Amino acid sequence: AQSVTQLDSHVSVSEGTPVLLRCNYSSSYSPSLFWYVQHPNKGLQLLLKYTSAATLVKGINGFEAEFKKSETSFHLTKPSAHMSDAAEYFCVATSNSGYALNFGKGTSLLVTP
Amino acid sequence: GAGVSQSPRYKVAKRGQDVALRCDPISGHVSLFWYQQALGQGPEFLTYFQNEAQLDKSGLPSDRFFAERPEGSVSTLKIQRTQQEDSAVYLCASSLSASGSYNEQFFGPGTRLTVL
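This section reports on the structure supplied with the text. (Residues numbered from 1 in each chain as written. Chains lettered and ligands numbered in written order. Predicted model: local features only at pLDDT ≥ 70, side-chain atom pairs only at ≥ 80, totals over all residues. Heavy atoms only, no water.)

**Examining the packing of aromatic side chains**
Residues and elements named next belong to chain A.
- In total, this model carries 18 aromatic pairs over all chains according to the counting rule given.
- Judged by centre distance (6.3 Å) and plane angle (50 degrees), the rings of tyrosine 50 and phenylalanine 74 are tilted. You can see tyrosine 50 sitting in strand β6 (residues 44-50) and its partner phenylalanine 74 sitting in strand β9 (residues 73-78), a full 24 residues away along the chain. A single burial state applies to tyrosine 50 and to phenylalanine 74, both of which are buried. (Phe/Tyr/Trp six-rings, centres within 6.5 Å; stacked < 30°, edge-to-face > 60°. Helix = DSSP H or I, 4+ residues; strand = E, 2+ residues; numbered from the N terminus. Buried < 20%, exposed > 50% of the residue type's maximum accessible area, 1.4 Å probe, protein only.)

Below, the structure is given as structure tokens:
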């Protein structure tokens, strides 16, 4: 069995401050892990992915995530939030099928001026 | 652009009606996926096609749901006798290669289905 837990349903930060979106996974195998972003009325966009190469993964728009096997975590960070970062973020893992994706429930990021 | 497109973007149906949702994947993409996203939830896997073959339909919630991809490109998700619990956003995704190893899935904007 495999599941993804996003620890916060809503996160609010001020523009220019750091962003931390938390994700834990549980799995009987080593899944590939991803973060996707969903802006209103737009399709899901891949931010970054971990596929067992480097544990620190850099993505688009200044986001990065660190895979910590001992903590079964894959938290998403960004040093400085921008207003355009406001969106829904999903932590995702491959299922044991290898192709279907299992999504967390999402974290809504609000960025205030 | 050359992304995944879905139509209609919005669909309102009366309970008991049949609906058909269309997905146009990126040209040349072998794999196609359907996901269902209920309000306030993450998407959930429904079904997977490799070319025209439906290899996995384990996520379809009932036998009222049917998907096809007859020529290995465009796909249609059909829901018969819609119920209120079918209200959700239906997402289509495609990826370049076949299953067995992960390839990035590119998502369409979704079809928001509301069943009254």
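Let's pick the thread back up.
**Section: the pairing of strand β9 (residues 88-95) of chain B**
All names here are of chain B.
- β9 sits mainly inside the fold: eight of its eight residues count as buried.
- Burial of the side chains of β9 extends over both faces: Ala88, Tyr90, Cys92 and Ser94 are buried on one face and Val89, Leu91, Ala93 and Ser95 on the other.
- In terms of strand pairing, strand β4 (residues 31-37) meets β9 through seven bridges, oriented antiparallel. Each bridged residue has a counterpart across the sheet, and for tyrosine 35 the counterpart in β9 is leucine 91.
- Relative to strand β11 (residues 111-115), β9 runs antiparallel, the two being bridged by three bridges. Residue pairing in the sheet places alanine 88 in a bridge with leucine 113 of β11.
- As paired strands, β9 and strand β10 (residues 106-107) are joined by two bridges and run antiparallel to one another. (Pairing = 2+ DSSP bridges.)

**Points about the nonpolar core**
- The biggest cluster of nonpolar side chains holds 26 residues, and the ones touching the most others in it are Trp35, Leu48, Phe74, Leu76 and Tyr89 of chain A.
- The biggest single contributor to this core is strand β10 (residues 87-94) of chain A, with four residues.
- Once you skip the residues sitting within four places of it in the chain, leucine 76 of chain A turns out to touch Val19, Leu20, Leu21, Trp35, Leu47, Leu48, Phe63, Glu64, Ala65 and Tyr89 of chain A.
- Counting residues in hydrophobic clusters, the runner-up holds 20 residues, among them Val19, Cys23, Phe65 and Ile79 of chain B. (Core = buried A, V, L, I, M, F, W, Y, C linked by side-chain atoms within 4.5 Å. Contact = heavy atoms within 4.5 Å.)

**Re the interface of chain B and chain A**
- Listed per partner, the contact involves 21 residues of chain B and 17 residues of chain A.
- Taken together, the two surfaces of chain B and chain A that pack against each other cover about 1,600 Å², and 58% of this comes from carbon and sulfur.
- Our enumeration of links across chain B and chain A arrives at zero salt bridges.
- Between the two partners, chain B and chain A, sit five residue pairs in polar contact (both at pLDDT 80 or more).
- Of all the elements in the fold, those that place two or more residues in the side of chain B that touches chain A are β4 and β5 (44-50) of chain B.
- The element that contributes the greatest number of residues to the side of chain B that touches chain A is β4 of chain B, accounting for three residues.
- Partitioned by chemical class, the residues of the side of chain B that touches chain A number ten nonpolar, eight polar and three charged. (Buried area = accessible area lost by both parts, 1.4 Å probe. Salt bridge = Lys/Arg side-chain N within 4 Å of Asp/Glu carboxyl O. Polar contact = N/O pair within 3.5 Å; in protein donor to acceptor, adjacent residues only side chain to side chain. Nonpolar A, V, L, I, M, F, W, Y, C, P; charged D, E, K, R; others polar.)

**Regarding the side chain of threonine 107 of chain A**
Residues and elements named next belong to chain A.
- Structurally, threonine 107 is set in strand β12 (residues 107-112).
- Judged by relative accessible area, threonine 107 falls into the buried class, the value being 1%.
- Setting aside chain neighbours within four positions, we find threonine 107 in contact with Gln6, Asp8, Ser9, His10, Val11, Leu21, Ala87, Glu88 and Tyr89.

**Here's the deal with the state of the cysteines**
- Considering all chains together, one arrives at two disulfides over all chains under this definition.
- Each sulfur in the disulfide pair cysteine 23 of chain A and cysteine 91 of chain A lies 2.0 Å from the other. In this structure, the disulfide formed by cysteine 23 of chain A and cysteine 91 of chain A twists by about -70 degrees around the S-S bond and is classed as left-handed. One end of the pair, cysteine 23 of chain A, is in strand β4 (residues 23-27); the other, cysteine 91 of chain A, is in strand β10, with 68 residues separating them in the sequence. The pair formed by cysteine 23 of chain A and cysteine 91 of chain A is uniform in burial state, with each residue classed as buried.
- A sulfur-sulfur separation of 1.8 Å characterises the disulfide bridge that pairs cysteine 23 of chain B with cysteine 92 of chain B. Here the S-S torsion is close to -65 degrees, and the disulfide linking cysteine 23 of chain B with cysteine 92 of chain B is therefore left-handed. A residue pair is termed long-range when its members are at least 10 positions apart, and cysteine 23 of chain B in strand β3 (residues 19-24) and cysteine 92 of chain B in strand β9 qualify at 69 residues.
- Since its relative accessible area comes to 0%, cysteine 92 of chain B is described here as buried. (Disulfide = S-S within 2.5 Å.)

**Considerations on the pattern of salt bridges**
Residue and element names in this part refer to chain A.
- Applying the stated criterion across every chain, the model contains six salt bridges over all chains.
- A salt bridge links lysine 58 to glutamate 64, with the nearest nitrogen and oxygen atoms 2.8 Å apart.
- The exposure class assigned to lysine 58 is exposed, which follows from its relative accessible area of 63%.

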